[in-house]
Amino acid sequence: MVRGSVWISLAYLLTPSFCLHRLENYKEDLRVKPLRDGRVSTTFSFLTVLEDAVPRHPTTLELPDEPQHYALFPLTLGQILREYAITELHLSLNAGKWNYDDWGHPPEVSVGTGAELWAWMGVNEVMTIDERWSGLRNALSGLFCASLGSLDSRRTTSPVVAFPLSGSTPPFAQHELRHASLASENVCTENLTPFLKLLPCKSRAGLAELLNPQKVFDADWHGMGVHVIWKEGTGVELKLTLQAVFNPVRTSTGKRRDWSLQSLFDRSIEQSCPVANYSSVTVVLPEEKNYQITPQPPVQVDGLAIYDLSSTSDFTIPTNIAMHWSNEHRFQYPMPPLPALTPLSVKRTLHGTTQTRGVLSISVTNNSPQEILAGYLEMIPTLLTLWMHTLKVEINSDTRSMTYSHKMLPLLIIVLRLGDLLSDLKYQPPSPQPNGHLSPSMLQAALTIPPKSTLKISVEVDKAFLKYTEHPPDAMRGWDLPGAVFFPLSKSANDTSSSYNWERIYTPTLLVDLPTPDFSMPYNVIILSCTLMTLIFGSIFNLLTRKWVVVEIKE
């Protein structure tokens, strides 16, 4: 630890001061929030800012790029962004299901199960958007040791309404979006190791010292994210996040919800990161007052206990921040029903009695006392075929009749609902790609949900019949269907009340049971054939090579 700190300090001293203070700055923060079901939500945020930097102009891709000198910004990621002229990038790798009703909205909204990648790129005649998208996902796949190379045209869409630009829009070119997700992607230590290498202090100092893989991947839910945006007047911002939801009640011997940094991560913060402009630990204090937090927070504002761990602060390091309930001998789970912590509660199911047909159902409950206008997005791979004429809408178990107005465009069907519940419904069917594959279908709609009501949408689907060579090795398990996305909409450009202070919501993934051949049959045939061949060949071989003689035994 001492040797690592010496090297970090030397790098800080030998780097020109204008690079660190004028061109780049680095901040890190850990947010700890106790949840009502006894779990503890932790969110690490590492923010690096390249001041006054701008994305690369896409028309300069045919020319050699200008040399880039970074002090804190990770060089490996910066080279990828410059190579493909990426304006905005978002990558998330998550494992588990985020419980919106009990945990509320996550600090980082990208919590869809598996891998999700989307990027905004400027249009250019030198390299097409699809060529740069292919190079980007392959480069990130090698950088993070993930199966991002599988996000090909079979999983790529452009839902610009659901995933708008988070930063500023550069004026130099028209921009396009590419989005893809892989629900079956698993997150493990080989993804965390390159993630930590992107930090200025790696895992040797600062908050990243707490990231113990054995503890992080034992959490009930965990995920990591990489977000690159450009803000006019500020520069390029790189935000690395890692979220985890721990369950101290499950791991403690007394079934208590007491927690500490040492018990959650089995590590402590030994030293602060010397190149961090600001480093802090923020604890969200519970509403009940029967808890004790140690050490006493130096700053307490709006229900937040803030510990400044910067090298210039007076707070002592190492430290072990802890919270315990001394009067609580055993944690008692709250009795249901509990009010949902988000304005919307979403349930999504795929049911049916056969392997060829089924029904995809969505149930959306408005928990707020006012009307909510929400966007609904489905990105369906070619595993399922939606039959739009079977679409049904119910409100509080009352079926509403549908009125359609069709408008045919190239590879696009727009269906407008002339009513008060579902409108601006757009369905894009699968289209052939140059590589012979089919693109996924995309369904978008605007939902108007009355207060304290439940809106249900159902549509019949057909399941694909795949070739036996297209099935995965674990064919009997089924196929993962990516989750649906709900996002807030405004009735007008100046009206933000309809969003009711909520963020993008992901539904859990679904398992699709497709018609699957009996892959054990070839094995059985091979075993039977080999057995027969062995018996026949062995008998004939013995008759041809052995000589039967009578042996006289003398007494």
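Cut-offs and rules
Residues numbered from 1 in each chain as written. Predicted model: local features only at pLDDT ≥ 70, side-chain atom pairs only at ≥ 80, totals over all residues. Heavy atoms only, no water. Core = buried A, V, L, I, M, F, W, Y, C linked by side-chain atoms within 4.5 Å. Buried < 20%, exposed > 50% of the residue type's maximum accessible area, 1.4 Å probe, protein only. Contact = heavy atoms within 4.5 Å. Phe/Tyr/Trp six-rings, centres within 6.5 Å; stacked < 30°, edge-to-face > 60°. Helix = DSSP H or I, 4+ residues; strand = E, 2+ residues; numbered from the N terminus. Lys NZ or Arg CZ within 6 Å of the ring centre and 35° of its normal. Salt bridge = Lys/Arg side-chain N within 4 Å of Asp/Glu carboxyl O.

(A) Representation of the nonpolar core. Counting 75 residues, the largest nonpolar core has F44, L77, L89, L140, V281 and V283 as the members making the most contacts within it. Leaving out residues up to four positions away in the same chain, V281 has contacts with D29, L30, L207, I269, A305, I306, Y307, L309 and I321. Counting residues in each nonpolar core, the second largest holds 61 residues, with V111, L377, L489 and L514 among its members.

(B) Highlighting the packing of aromatic side chains. Summed over the entire model, instances satisfying the criterion amount to 10 aromatic pairs. Seen from their ring centres, Y70 and F73 are 5.2 Å apart, and the 45° between their planes marks the pair as tilted. Residue class for Y70 comes out partly exposed when judged on its relative accessible area of 22%. Ring centres of Y376 and F486 lie 5.1 Å apart, and the angle between their planes is 25°; this geometry places the pair in the stacked category. With Y376 in strand β17 (residues 372–380) and F486 in strand β27 (residues 485–488), this residue pair connects regions lying 110 residues apart in the sequence. For the residue pair Y376 and F486, the accessibility class agrees, reading buried in each case. An aromatic cluster is built from F44, F46, F246 and F265, whose rings are joined through pairwise contacts. Between the NZ or CZ atom of R257 and the centre of the ring of W325, over which it lies, the distance is 4.2 Å.

(C) Layout of the pattern of salt bridges. For the structure shown, the criterion picks out 19 salt bridges. The partner of R250 in a salt bridge is D220, and the shortest N-O contact between them spans 3.1 Å. Here the residue R250 occupies a position in helix α8 (residues 248–251), and D220 occupies one in the loop between α7 (213–216) and β7 (221–231), the gap between them amounting to 30 residues. Its relative accessible area of 28% is what places D220 among the partly exposed residues. Salt bridges sharing common partners tie together D37, R39, D220 and R250.

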